Amino acid sequence: STQSRSSAASDVYKRQPVYISIGVLIFYLIGTPLDIYSEYFSTENDLFVKLKGFTLVTINVIMYSTFIIGFIICSKKKIT
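Residues numbered from 1 in each chain as written. Predicted model: local features only at pLDDT ≥ 70, side-chain atom pairs only at ≥ 80, totals over all residues. Heavy atoms only, no water.

A.B. asks: I keep staring at the packing of helix α2 (residues 16–38) against helix α3 (residues 46–75) and nothing clicks. Help me out?
C.D. replies: When two helices pack together, their arrangement is given by the angle between the helix axes and the distance between those axes. Here α2 crosses α3 at 175°, and the two axes come no closer than 8 Å. Taken together, α2 and α3 sit at an angle that is classed as roughly antiparallel. In terms of residue class, the contact of α2 with α3 is made up of 19 nonpolar, eight polar and two charged. (Axes fitted to C-alpha atoms, helices over the stretch in contact; angles between N-to-C directions. Helix = DSSP H or I, 4+ residues; strand = E, 2+ residues; numbered from the N terminus. Parallel < 35°, antiparallel > 145°, perpendicular 65-115°, else oblique. Nonpolar A, V, L, I, M, F, W, Y, C, P; charged D, E, K, R; others polar.)

A.B. asks: Would you take a moment to explain a nonpolar patch on the surface for this structure?
C.D. replies: Taken together, Ile36, Tyr37, Tyr40 and Phe41 make up a surface patch of nonpolar side chains, about 500 Å² in accessible area. One can find Phe41 in the loop between α2 and α3. (Patch = residues over 30% accessible without salt bridge, like charges linked within 9 Å, V, L, I, M, F, W, Y side chains within 5 Å. Areas by Shrake-Rupley, 256 points an atom, 1.4 Å probe, with all protein chains shown as cover. Salt bridge = Lys/Arg side-chain N within 4 Å of Asp/Glu carboxyl O.)

A.B. asks: Would you take a moment to explain the side chain of Gln16 for this structure?
C.D. replies: Mapped onto the fold, Gln16 is located in helix α2. Using a relative accessible area of 15% as the deciding quantity, one classes Gln16 as buried. Separated by 3.2 Å, the side chain of Gln16 and the backbone nitrogen of Phe71 make a polar contact. Apart from the residues within four sequence positions on either side, Gln16 is in contact with Phe67, Gly70, Phe71 and Cys74. (Buried < 20%, exposed > 50% of the residue type's maximum accessible area, 1.4 Å probe, protein only. Polar contact = N/O pair within 3.5 Å; in protein donor to acceptor, adjacent residues only side chain to side chain. Contact = heavy atoms within 4.5 Å.)

A.B. asks: Whenever I open this one, the side chain of Thr55 confuses me. Can you help?
C.D. replies: Tracing the chain through its elements places Thr55 in helix α3. Here Leu51 takes part through its backbone oxygen, which lies 2.6 Å from a polar atom of the side chain of Thr55. The contacts of Thr55, once residues within four sequence positions are left out, are Ile30 and Leu34.

A.B. asks: Looking at this structure, how should I read the environment of Ile26?
C.D. replies: Looking at where Ile26 falls in the secondary structure, it is placed in helix α2. Residue Ile26 is classed as partly exposed on the basis of its relative accessible area of 27%. The sequence separation of Ile26 and Asn60 amounts to 34 residues, and the corresponding C-alpha distance is 9.5 Å.

A.B. asks: Would you take a moment to explain α2 for this structure?
C.D. replies: For an α-helix, 3.6 residues make a turn, and residues three or four places apart therefore share a direction. Helix length check: α2, at 23 residues, gives a terminal C-alpha distance of 33 Å against a target of 33 Å (1.5 Å per residue), a fit within 8%. Restricting attention to buried positions, one finds in α2 the residues Gln16, Val18, Tyr19, Gly23, Phe27, Gly31 and Leu34. (Expected span 1.5 Å × (residues − 1).)

A.B. asks: Can you walk me through the confidence of the model for the chain in this structure?
C.D. replies: A low pLDDT means the predicted coordinates there should not be read in detail. Confidence along the chain averages 85 in pLDDT terms, with 82% of residues attaining 70 or more. The secondary-structure element of the chain with the lowest mean pLDDT is helix α1 (residues 2–12), recorded at 66, while α3 shows the highest, at 94. (pLDDT = per-residue confidence, 0-100.)

Dropping the structure here:
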């Protein structure tokens, strides 16, 4: 029972939807407040424009890196 729980928990990380969900969750958790704040800041505020640009690039890299890691982990075939 304990062995089956631990193997079931480790099998979760071998499924592609887990990595896609984590990547999209991170993207929206960081991106949504940024979009909300952009309603209150004008494009004349150079600091906010630079921060938003840097943040969007960073969360895109994180999201797609998570997808790539998921593809790599999930594509490995078990050797029997």
